Amino acid sequence: NSSRTVSAQFSDANPPELTMSSLPDGSVTGNQALNVSGTVKDAGGMQSLVINGSVLTVQGDNTFSHLVTLSSGRNTITTVATDLAGNRTTDSRTVTLDQAAPGLTITAPADNSTTANSIVTVTGTVSETSTISIIVNSGTPQVASMSGTTFAATVILRAGLNTITATALDNAGN
């Protein structure tokens, strides 16, 4: 009768699978509160999930959610998932908080100007990438063409006094 003892050691070299459901890297938002959420799973089990230094609890269905308060400007959000073997998966993304409306200047036509032309080109500048809408006399908005931070739109005037309104909407919705 002989017996033999064999030892086997399992080595987990696979990092956790981390899937983020939050804003993508490079996003711009006007909301100061950002819910960072997603799923994380690992066959060998999870040791920790950390978002910007805060340790989170992963739910039984492998989901997580964490409220991050953004500061004005660029914010880096780093999520680190570590399994029981010490393998890590890191997701780092930058989200910009922009709560300021873009600056807008109409360069032509001049305020209170007079023209004999029924068709004029409204031109101006905006302080950041935006969509510019031009409205004449409370009519239908017309989207201006953009070249960098300069905009232009050709509009039709009626006889008499005309009110031209330009509105800028930036990528964050301001």
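Model, not experiment: these values are computed from the prediction. Residue numbers here run from 1 along each chain, matching the order of that chain's written sequence. Thresholds applied to this predicted model are a pLDDT of at least 70 for local features of residues and 80 or more for the giving and counting of side-chain atom pairs; totals over whole chains, interfaces and linings are not thresholded and use all residues. The side-chain values count all of the structure's non-hydrogen atoms but skip hydrogen atoms and water molecules.

The salt bridge definition used is simple: a Lys or Arg side-chain nitrogen within 4 Å of an Asp or Glu carboxyl oxygen. Counted according to the given criterion, the structure contains one salt bridge. We note a salt bridge from Arg93 to Asp91, for which the minimum N-O separation is 2.8 Å. Grouping residues by exposure puts Arg93 and Asp91 together as buried. The buried label goes to any residue with under 20% of its type's maximum accessible area, the exposed label to any with over 50%, and the partly exposed label to all in between, with areas taken from a 1.4 Å probe on protein chains only.

Moving on, we get to the confidence of the model for the protein. How sure the predictor is of each residue is captured by pLDDT, a score from 0 to 100. For the protein, the average pLDDT comes to 92, and 95% of its residues sit at 70 or higher. Secondary structure elements follow DSSP: runs of H or I of four or more residues count as helices, runs of E of two or more count as strands, with numbering from the N terminus. Averaged pLDDT values over the elements of the protein bottom out at 93 in strand β2 (residues 27-29) and peak at 97 in strand β7 (residues 73-83).

Take the pairing of strand β1 (residues 17-20) next. Side chains of β1 alternate between two faces, with Leu18 and Met20 buried and Glu17 and Thr19 left unburied. For β1 and strand β3 (residues 33-41), the ladder comprises four bridges, and the chain directions are antiparallel. Bridge pairing in β3 links Met20 to Gly38. Strands were regarded as paired on the criterion that DSSP finds at least two bridges between them.

Here we come to unusual backbone geometry. Leaving glycine out, the prevailing phi sign among residues is negative, and the prevailing peptide bond configuration is trans. Of note, the bond from Ala108 into Pro109 is cis; its omega dihedral lies within 30 degrees of zero at -5°. Of note in this structure, Asn52 is not a glycine but carries a positive phi near 45°. Along the chain, Asn52 falls in the loop between β4 (46-51) and β5 (54-56). Since its relative accessible area comes to 40%, Asn52 is described here as partly exposed. Of note in the backbone geometry, Ser138 takes a positive phi value of approximately 60° without being a glycine. Judged by its relative accessible area of 74%, Ser138 falls in the exposed class.

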